[in-house]
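Here are the chains, one letter per residue:
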Amino acid sequence: MPAQYSAPLHLDYWQYTVRSERQMFETTIRVLEPDELDAVAQPKVLYLLPSTPELSHRSGDGLDEILHHELHQQHGLVAVAPTFSDWPWMTDLPDRQMFQQVLYFIEDVVAFVDRLYPNLPRLLVGYSKGGSAALQLLLRYPDLFHAAAAFDSPIMKEQPDQWEMPYFWPNPEYFREFAIPHLLRTKGHALGEAPRIALFGYGNFGKNAPNWTYDHLSAGHDLMEELGIPHHYHNHTRREHRWDSGWLPDAVATLAQLSR
């Protein structure tokens, strides 16, 4: 079978290299601005949270999708794509210096971007691990981030027992402070009366999930309904578990609407 190629992309973003004690080796931050940023009425920063370590295209690339669909132009967004040196479960282990992923993101990535683009509202989006990280960060830091969207993510994990998770939480009891169901029950009320969460499926973790997992999206929706947490929910369209399977334009448009 002959090789297959994508359409060409003219990449026009800034790329920074980061050396941080909270990561095992150098990481990157890629930043894509809309044209004539100064003319945008209400610009925002959109963080694209990865599902794999380093700069990987094994499941597409979020920043490429933003560029391909010109979502940064449509919605007046500064799109920011950070990388992590290991699987980005967004954990902080106090006794493991190289696994301070939350502190790295907030103090080394967000703080840096804030210096470049001060006083802009911050949005979060991701799928798989990145989608879980987006919801976790919003719930833990509701004053720092305005809204979060997750596509096909294992958001209802109560124990760190799959997908490299035991490596990042060797003491399972420590996972409780990062588990989204626990955060929804204890901190969800702090999000206020306007919706700030958007859930999109389905694939590996949504409607008609494969037998090795279950429908995390519906379960998360049901829990938020029970707790009275306003949110956007769409779990009806089958899509591949990738950045480029067609879900990102809807997710970004929803975030733009939630952040008005």
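That block above? That's the structure.
Residues numbered from 1 in each chain as written. Predicted model: local features only at pLDDT ≥ 70, side-chain atom pairs only at ≥ 80, totals over all residues. Heavy atoms only, no water.

**As for the overall build of the protein chain**
Consideration 1: The helix and strand tally for the protein chain stands at eight helices and eight strands.
Consideration 2: For 260 residues, the compact-globule estimate of 2.2 N^0.38 gives 18 Å, and the C-alpha radius of gyration of the protein chain, at 17 Å, lies within 12% of that figure.
Consideration 3: In terms of its C-alpha atoms, the protein chain occupies a principal-axis envelope of roughly 50 × 45 × 40 Å.
Consideration 4: Expressed as a percentage of its 260 residues, the buried residues of the protein chain come to 55%.
Consideration 5: Restricting to contacts in the protein chain with at least 6 residues of sequence separation, those with at least 24 account for 72%.
Consideration 6: For the protein chain, the accessible surface area stands at approximately 12300 Å², while carbon and sulfur atoms represent 47% of it.
Consideration 7: Side chains of the protein chain carry 20 positive and 33 negative charges; the gap between the two charge centres is 3 Å. (Helix = DSSP H or I, 4+ residues; strand = E, 2+ residues; numbered from the N terminus. Rg over C-alpha atoms; globule rule 2.2 N^0.38 Å. Buried < 20%, exposed > 50% of the residue type's maximum accessible area, 1.4 Å probe, protein only. Contact = heavy atoms within 4.5 Å. Areas by Shrake-Rupley, 256 points an atom, 1.4 Å probe, with all protein chains shown as cover. Lys, Arg positive; Asp, Glu negative; His and termini not counted. Charge placed at Lys NZ, Arg CZ, Asp CG, Glu CD.)

**A short note on a nonpolar patch on the surface**
Consideration 1: A cluster of nonpolar residues, M24, F25 and M98, forms a patch on the protein surface that exposes about 250 Å² of accessible area.
Consideration 2: Position of F25 among the secondary structure elements: in the loop between strand 1 (14–18) and strand 2 (27–32).
Consideration 3: Residue F25 is classed as partly exposed on the basis of its relative accessible area, which comes to 39%. (Patch = residues over 30% accessible without salt bridge, like charges linked within 9 Å, V, L, I, M, F, W, Y side chains within 5 Å. Salt bridge = Lys/Arg side-chain N within 4 Å of Asp/Glu carboxyl O.)

**Overview of the pairing of strand 2**
Consideration 1: For strand 2, the buried fraction is high: six of the six residues fall into the buried class.
Consideration 2: Every second residue of strand 2 is oriented toward a common face, with T27, I29 and V31 on one face and T28, R30 and L32 on the other, all of them buried.
Consideration 3: In the sheet, strand 1 pairs with strand 2 via five bridges, with the strands oriented antiparallel. Across the sheet, the residue bridging to Q15 is R30, located in strand 2.
Consideration 4: Here strand 2 pairs with strand 4 (residues 77–82) via four bridges, running antiparallel. (Pairing = 2+ DSSP bridges.)

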